[in-house]
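Geometric and topological summary
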Amino acid sequence: MSVETPEVLVVGAGPAGLAAADAARRAGAQVVLLDAAGDAGGQYWRHLPAERPAARERILHHGWGKFTALRGQDVLTDAQVWLAERHDDRPPTLHVLVGPADGRDRVRKTFAPKALVLATGAYERTLPFPGWDLPGVFTAGAAQALAKSERIAVGRRVLVAGAGPFLLPVASSLVRTGAGVVGVLEANGWPRLARGWSRRPAELLATRHKGGELAGYVRDLVRHRIPYRAATAVVAAHGTDRVEAVTVARLDPRWAPIAGTDEQIEVDAVCVSHGFVPRVELAVSAGCGLDAYGAVVTDDDGRTTVAGVFAAGEITGVGGADLALAEGVVAGLAAAGSAASAAQRRARSDNQAFAARLEAAHGIRPGWTGWLGDDTLVCRCEEVTAGDLRAGAAATESRGLRSLKLSTRAGLGVCQGRVCGRTVEELLHRHTGGLLDRGRTESRPLAAFVRLGELAATEQVAEEKEPL
Amino acid sequence: MTLPITVVVDGVAMPGVAGQTVAGVLMGAGRLSWRTTRNGRPRGVFCGIGVCHDCLVVVNGLADVRACQRRAIDGDEISTEEQA
Ligand SMILES: Cc1cc2nc3c(=O)[nH]c(=O)nc-3n(C[C@H](O)[C@H](O)[C@H](O)COP(=O)(O)OP(=O)(O)OC[C@H]3O[C@@H](n4cnc5c(N)ncnc54)[C@H](O)[C@@H]3O)c2cc1C
Ligand code: FES
């Protein structure tokens, strides 16, 4: 099978990858940019597919003009990287399947790039609560994706809850696709929010664009009279086959629910997000070092700890699309053997300060486990409860994450612990008095679900074609 | 300027438009869940971006396809029951 050897290979065509590929091309490099999705744009610039052109797409988007400028590049779409094969002296070889998602006859491609930019983004972390597996309970990102790519409003009476400024664009997209939003609940109280957001106001001026974007979402809340409540969380969802109501409660500063503050609210959908987890499996396979938050470590040029491998965007820490764009430019230039200007570096560091502010104001606090019951599902795939985890830890007296996962089955389902992995680690860490091998959750040999039959079949086809 | 398509879900025709995902077609028709877990719990879309695998369907006889990631094609046969 033939191996392609581009000068720069960029994985992920979200803001970071688009900016990196564009910068590397402008610096004269021969670039391949690919993405598993059917369209470029990543999570931020999700939009209706080409088959459903929308005249007013920009009303759901910020920086749409910027996207229009970047999306003109060649992008190999529907291209799922499923394996990064590590080498000692050069960037890894990437194995890719190109074709309809989860199909069986996809085209197999292999890339051995001279430089690799990983821009695989992040996915959401949603903390479990009783009833969170009921249909009608979504991640906030799902509501956002359905609104932006399908124009589907997930409900008529929707509650948005969790932590972080991301709740605001979600509420805004919901009302713009015709949903009624009954409220936005932020787990953190005003004192923490104020400390996080009012510290060093000069920094916010440097990221003025971001401030303006947030102000726009707040205007949507005000216009639609959507209440925004701090120090409040959804602590249970109720219903038999679908969500019909939720219990909300006030939280103390550690996010522990305060007794006697429960209140029931009727809803037909609830959208929950407590933060983001960098999507690092390819970086881990490539051997890149991670920081304490599980994000890829980079230097000022976006270099990872592996020679020839660069990283940009949410994979290096969560800080929004502006930071992803700024990091993409710097990493793309470096991957092409060029250097960023002082202004390009400043854009990157200003936006990094904004990211630090996010973590200070909105990061997850440990008291949330106060809303778990013994029968609350933690692992959705294998249907393992909080009680199962506690019992498993007590029964084996093991302090090894690997062995506890094997005995409880938590995190071993088809999502490979992407949804529950960090939560399982956090709970087991507490039950065991300290895990010996924390952080292992992020280590997955395959970056995507693949069918062995498909690999065998494509291998055969490739071999048959070889003599030509 | 949208192209109507029809997919067949568990033997029943369901209308959609070209470019929608299978999950988009199902939810557009008012379905909130379509799969049941081993313990009999209903599931539909949760993450919406291909991460959780809650939304699995069988497409043209091929199991374990994420409905939120797969674009629906006119004439697709979708089954929500796992096949043996
Ligand atoms: C569901 C969701 C919705 C979001 N919506 C918003 C929003 O509306 N507003 C906002 O400010 N922020 C939003 N965010 C936060 C968002 O992550 C950032 O603002 C921004 O999109 C980050 O840019 P990025 O380029 O780092 O990553 P992303 O935009 O996430 O792009 C990463 C890309 O990499 C691709 N990829 C990953 N792994 C592979 C692989 N193995 N093979 C091939 N391709 C791969 C993905 O398909 C994706 O397109 C959202 C996040 C999520 C998870
Ligand atoms: S809804 Fe999570 S993978 Fe489709």
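Residues numbered from 1 in each chain as written. Chains lettered and ligands numbered in written order. Predicted model: local features only at pLDDT ≥ 70, side-chain atom pairs only at ≥ 80, totals over all residues. Heavy atoms only, no water.

Within an unreviewed UniProt entry, the label attached to chain A reads FAD-dependent oxidoreductase, and the organism entered is Paractinoplanes aksuensis.

Attention shifts here to the pattern of salt bridges. Applying the stated rule across the entire model yields 20 salt bridges over all chains. Between Arg43 of chain B and Asp133 of chain A there is a salt bridge, with the nearest N and O atoms lying 3.5 Å from each other. Of the two residues, Arg43 of chain B is situated in strand E4 (residues 42–43) and Asp133 of chain A in the loop between strand E8 (122–124) and strand E9 (137–139); the pairing between them involves two chains. For Asp220 of chain A, the salt bridge goes to Arg223 of chain A, with nearest N and O atoms at 3.1 Å. With Asp220 of chain A and Arg223 of chain A both in helix H7 (residues 208–223), this residue pair falls three residues apart, about one helical turn. (Salt bridge = Lys/Arg side-chain N within 4 Å of Asp/Glu carboxyl O. Helix = DSSP H or I, 4+ residues; strand = E, 2+ residues; numbered from the N terminus.)

In this assembly, 36 residues from chain B lie in contact with 45 residues from chain A. Buried surface at the junction of chain B and chain A, both sides included, amounts to about 3500 Å², of which 55% is carbon and sulfur. Three residues, Leu32, Phe46 and Ile49 of chain B, lead the burial of chain B against chain A; their summed loss comes to 20% of the area buried on that side. Applying the counting rule to chain B against chain A returns six salt bridges. Linking chain B with chain A are 14 residue pairs in polar contact (both at pLDDT 80 or more). Ranked by the residues each element gives to the side of chain B that touches chain A, the list is headed by strand E6 (residues 62–66) of chain B, at five residues. A breakdown of the residues in the side of chain B that touches chain A according to their chemical character gives 15 nonpolar, 13 polar and eight charged. (Contact = heavy atoms within 4.5 Å. Buried area = accessible area lost by both parts, 1.4 Å probe. Polar contact = N/O pair within 3.5 Å; in protein donor to acceptor, adjacent residues only side chain to side chain. Nonpolar A, V, L, I, M, F, W, Y, C, P; charged D, E, K, R; others polar.)

The immediate surroundings of ligand 1 are formed by 31 residues, with Ala16, Asp35, Gln43, Gln144 and Glu314 of chain A found nearest. More than one chain approaches ligand 1, the contributing ones being chains A and B. Backbone polar atom of Val81 of chain A to a nitrogen atom of ligand 1: 3.0 Å apart, as the coordinates give it. In isolation ligand 1 offers 970 Å² of accessible surface; the protein chains occlude 95% of this area. For the shell around ligand 1, the elements supplying multiple residues, two or more each, are helix H1 (15–26), strand E4 (79–85), E8, helix H3 (140–150) and helix H9 (321–335) of chain A. Here the shell around ligand 1 is composed, by residue class, of 16 nonpolar, 11 polar and four charged. Mapping the shell around ligand 1 onto the domain boundaries places at least three of its residues in each of domain 1 (3–123 + 277–340) and domain 2 (126–274) of chain A. (Near = heavy atom within 4 Å. Areas by Shrake-Rupley, 256 points an atom, 1.4 Å probe, with all protein chains shown as cover. Domains from an automatic or database assignment.)

This next bit is on the packing of aromatic side chains. The tally for this structure, following the rule as stated, stands at six aromatic pairs over all chains. Between Trp368 of chain A and Trp371 of chain A the ring centres are 6.1 Å apart and the planes differ by 55°, which places this aromatic pair in the tilted class. Side by side, Trp368 of chain A and Trp371 of chain A carry an identical accessibility label, which is buried. Feature note: the residues Tyr44, Trp45 and Phe67 of chain A constitute an aromatic cluster, connected by ring pairs. Positioned above the aromatic ring of Trp132 of chain A, the side-chain terminus of Arg380 of chain A is 4.8 Å from the ring centre. Its end group placed over the ring of Phe46 of chain B, Arg380 of chain A keeps NZ or CZ at 3.6 Å from the ring centre. (Phe/Tyr/Trp six-rings, centres within 6.5 Å; stacked < 30°, edge-to-face > 60°. Buried < 20%, exposed > 50% of the residue type's maximum accessible area, 1.4 Å probe, protein only. Lys NZ or Arg CZ within 6 Å of the ring centre and 35° of its normal.)

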